[in-house]
Amino acid sequence: MILEHIDNVVDVMEELYRILKNDEIVRIYAPYSKSEWDVQDPTHKHFFNEKSMDYFIDDYRYNYYTNIRFKKIHAYLYTSDETLLSKLRNLIPFRNVLTYFLFNMYDGIYFELKAIKDL
């Protein structure tokens, strides 16, 4: 998906929800908010991290922007190995912890959400 380029993410998520059947899955790849992939592109309008899709989850405290609901199946960070530096970075131990303190430990984030229409 290209959610980072869209003006209104909530509207897009509502349209995805509308066309999905109950229990169907949407897969979203986006640049991670703490990565060069996210901040280097001047056309990016939104940033995504591990909690970004929680606003569409039933038991999330701040899910009041819309009435649609998904179940979060996966949300994980991924990295590239296109350059020597990225290959070296991928060898760093405890990257999942270091990402809270250091920038550019991961490149993207992947979400897998299941449409929940039978609430």
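Note that this is a predicted model, so its numbers are computed, not measured. (Residues numbered from 1 in each chain as written. Predicted model: local features only at pLDDT ≥ 70, side-chain atom pairs only at ≥ 80, totals over all residues. Heavy atoms only, no water.)

### Here we look at the sheet that holds strand E1 (residues 25–31)
In space, the three strands of this open sheet follow the order E1-E3-E2, with antiparallel pairing throughout. Only two strands of the sheet have a single neighbouring strand rather than two, namely E1 and strand E2 (70–78). Across the sheet, the mean angle separating the axes of adjacent strands is 15° when strand polarity is ignored. Two elements, E2 and strand E3 (residues 108–115), share eight bridges in a ladder whose sense is antiparallel. Counterpart to Phe70 in the pairing with E3 is Ala115. (Pairing = 2+ DSSP bridges. Helix = DSSP H or I, 4+ residues; strand = E, 2+ residues; numbered from the N terminus. Axes fitted to C-alpha atoms, helices over the stretch in contact; angles between N-to-C directions.)

### Digging into the environment of Glu15
Summarising the element assignment, Glu15 is placed in helix H1 (residues 9–19). When its relative accessible area of 38% is taken as the criterion, Glu15 is described as partly exposed. Sequence separation between Glu15 and Val26 is 11 residues, and the spatial gap between their C-alpha atoms is 12 Å. At 2.6 Å, the side chain of Glu15 forms a polar contact with the side chain of Arg18. (Buried < 20%, exposed > 50% of the residue type's maximum accessible area, 1.4 Å probe, protein only. Polar contact = N/O pair within 3.5 Å; in protein donor to acceptor, adjacent residues only side chain to side chain.)

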